[in-house]
Every structure is written in structure tokens, then in C-alpha cells.
Amino acid sequence: MLYQDLSGVTTDTDSILQGKSEGPTGWAVHQKTVVRVGDVITIDWWDYIDPQKFVLRGAKLRISFDFADPNRKDFTADGSYQVNVKADTAHIILPLASGQILDRTIPWKPDSMTISDWAYHLYSKPLKVGQTYDFHVFYPELLASGEDPFFSVHAQITGVQKVPLDSRLGRREYQVYQVKATFRHVPFKDPFFARFLGPKPQLDAEAWITVKDGVLLRYSTPFFRTSPTKSVGFSDFIVQH
């Protein structure tokens with residue numbers, strides 16, 4: 001599936017694959033993401049997913065930085081996540097825009113996933129109006145900046161509605177489950193984020209999943225940027241047919 005950020009900043013090409021031999025669990029979400037904010041950042045992700053709980057068990061990635069500043073040297077580097085289920089830890093190797101490589105073992109919440117996977121997590125659940133789900137979402141950029149990298153998320157199927165979607169075959173109407181998700185975080189240490197989000201940080205996101213075929217038509221997810229300037233916002237993705 002091809003998702004386009006409605007702001008035109010980010011494009012995601014996603015595949016959910018079963019039976020990947022190199023994955024530790026037998027499920028994988030493969031994402032190729034391109035972010036254009038002055039710099040161009042290209043990320044090729046393989047997230048390996050527990051097939052019963054649909055939470056993160058490992059990842060490998062290749063990230064390329066193409067800087068707008070001609071005085072900065074472009075580079076490409078590999079990274080990985082290795083989740084130790086028994087110890088509730090994860091070994092994170094993450095290339096940073098600074099050129100440094102973050103290499104750290106951290107405590108890991110067992111019901112966690114990346115910011116791109118939260119809507120897919122619902123595929124493992126019974127989609128019925130009124131159902132609620134609780135899990136955690138991991139933000140590597142917060143880990144790199146010294147903040148708690150986890151948001152606790154409460155999601156609920158709030159209703160069914162009909163929505164239009166433009167495709168190459170014309171405009172079609174889909175019946176969808178509407179999902180509301182609330183992201184909560186402990187107070188931030190950084191003065192900018194603490195002032196912006198307040199003493200009880202909370203962000204709201206949503207997703208639309210078709211009732212008939214279980215296709216994720218649209219979803220939003222909160223994002224954080226720490227470089228070159230700090231910001232908080234939302235990426236809002238809609239499927240492109």
C-alpha cells in the first residue's frame with residue numbers, strides 16, 4: 001500500500017508479509033519512507049512482528065541522509081532493534097543525523113511497537129464498535145534526546161461510518177471502522193516540549209479501517225522533531241490506489 005502524507009512531506013510504501021525467513025517471528029511490516037523537510041531522509045524498515053500479539057520483536061533498517069546544507073556530508077548507515085522478550089530489554093542501534101550511531105540496550109515494554117505500526121496493531125484484534133486496546137509506542141528520536149521514548153496509547157473503535165476515497169477507478173465509498181487513539185506521556189524534561197505539551201502531555205490520533213476487507217485507508221500519528229529545530233505535529237496518511 002502507498003500512503004501519502006497530506007502535507008506532502010512524507011511518503012510511505014508499506015507491505016505486510018507472512019513467512020519471512022529472516023524474521024524472528026514469521027510476520028514483517030516492510031516500509032520504505034521518504035521524508036523531505038529541507039533535508040531528504042530515506043528509511044528502509046523491516047519490522048518483525050509477533051504473529052499472535054502483533055507487537056515489535058525486532059527490526060532492521062537502512063537510513064540515508066541527504067542534507068540541504070552543501071557543507072554537510074551525506075551518509076547512509078544501517079541500524080537494528082533486537083528485543084529480548086525474557087529480559088524485557090531491547091538493543092537499539094540507530095544512525096543519527098549528526099553522524100553518530102546510537103548503540104544502547106534499554107528497558108523495553110513488551111506491548112510496544114514503532115510509531116508507524118500502531119494502526120496495524122489493530123489487525124490482530126477483533127474489530128467491533130466499543131472495543132478498546134492499550135499498548136505502547138516507541139519514539140527513537142526521544143530516546144536519542146534523553147527523554148522517555150514510550151507513549152502509552154489507549155485506542156477505541158468508536159463507530160462505523162461511510163467515507164469517500166478517490167482512486168484511479170473513480171470515487172468510491174467505503175464503510176469503515178473509526179479508531180480514536182490517545183497518546184499519553186510522562187512530563188518532558190526539555191523546556192520546549194514541556195512548555196508546548198504541558199504537565200500532562202496528551203496527543204490524539206485516528207485511523208479508518210474498512211469493515212469488509214480490513215484495509216487501512218487513513219491514519220494519523222504524532223511526530224517529534226529535534227533537529228534542526230524542535231517541533232511537535234502530526235503526519236496524516238491516506239492510501240493512494
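Up top is the structure these notes are about.
Predicted, not measured: the structure shown is a model, and the values here were computed from it. (Residues numbered from 1 in each chain as written. Predicted model: local features only at pLDDT ≥ 70, side-chain atom pairs only at ≥ 80, totals over all residues. Heavy atoms only, no water.)

### Some remarks on the overall build of the protein
Scanning the protein from terminus to terminus reveals 2 helices and 15 strands. Over its C-alpha atoms the protein spans a radius of gyration of 18 Å, differing by no more than 12% from the 18 Å that the globule rule assigns to 241 residues. Within the protein, the fraction of its 241 residues that count as buried is 46%. Taking as baseline every contact in the protein between residues at least 6 positions apart, the subset at least 24 positions apart corresponds to 47%. Summing over all exposed atoms, the protein offers an accessible surface of approximately 12,200 Å²; the carbon and sulfur share of this is 51%. With 27 positive and 27 negative side-chain charges, the protein shows a spacing of 3 Å between the two charge centroids. (Helix = DSSP H or I, 4+ residues; strand = E, 2+ residues; numbered from the N terminus. Rg over C-alpha atoms; globule rule 2.2 N^0.38 Å. Buried < 20%, exposed > 50% of the residue type's maximum accessible area, 1.4 Å probe, protein only. Contact = heavy atoms within 4.5 Å. Areas by Shrake-Rupley, 256 points an atom, 1.4 Å probe, with all protein chains shown as cover. Lys, Arg positive; Asp, Glu negative; His and termini not counted. Charge placed at Lys NZ, Arg CZ, Asp CG, Glu CD.)

### Some details on unusual backbone geometry
Residues other than glycine seldom take positive phi values, yet F54 does so here, at roughly 55°. With respect to the helices, strands and loops of the structure, F54 is situated in the loop between β4 (39–49) and β5 (56–66). In this structure, D88 is a non-glycine residue whose phi angle is positive, near 55°. Looking at the secondary structure, you find D88 in the loop between β6 (75–84) and β7 (89–95).

### Quick look at the nonpolar core
One finds I92, W118, V137, F183 and F224 to be the most contacted residues of the largest nonpolar core, which totals 65 residues. Among the elements that make up this core, the one with the highest residue count is strand β11 (residues 150–167) (7 residues). In contact with F183, not counting residues within four places along its chain, are W118, V137, Y139, F151, S152, V153, P201, Q202, L203, A205 and P222. (Core = buried A, V, L, I, M, F, W, Y, C linked by side-chain atoms within 4.5 Å.)

### What about the packing of aromatic side chains?
Under the definition given, this model contains 19 aromatic pairs. Site record: aromatic cluster; members linked through ring pairs are W118, Y139, F151, F183, F188, F192, F193, F196 and F224. (Phe/Tyr/Trp six-rings, centres within 6.5 Å; stacked < 30°, edge-to-face > 60°.)

### Examining the pattern of salt bridges
Applying the stated criterion across every chain yields a total of 5 salt bridges. For D78, the salt bridge identified is with R62, shortest N-O distance 2.6 Å. Here R62 lies in strand β5 and D78 lies in strand β6, a separation of 16 residues in the sequence. You can call D78 partly exposed: its relative accessible area is 44%. For R62, a relative accessible area of 47% corresponds to the partly exposed category. Note that D190 and K230 form a salt bridge whose closest N and O atoms lie 2.3 Å from each other. (Salt bridge = Lys/Arg side-chain N within 4 Å of Asp/Glu carboxyl O.)

### Focus: the side chain of T221
Looking at the element boundaries, T221 is found in strand β14 (residues 216–225). One polar contact links the side chain of T221 to the main-chain carbonyl oxygen of I115, over a distance of 3.1 Å. Once you skip the residues sitting within four places of it in the chain, T221 turns out to touch I115, W118, Y139, A205, G233, F234, S235 and F237. (Polar contact = N/O pair within 3.5 Å; in protein donor to acceptor, adjacent residues only side chain to side chain.)

None of this, on its own, says anything about what the molecule does.
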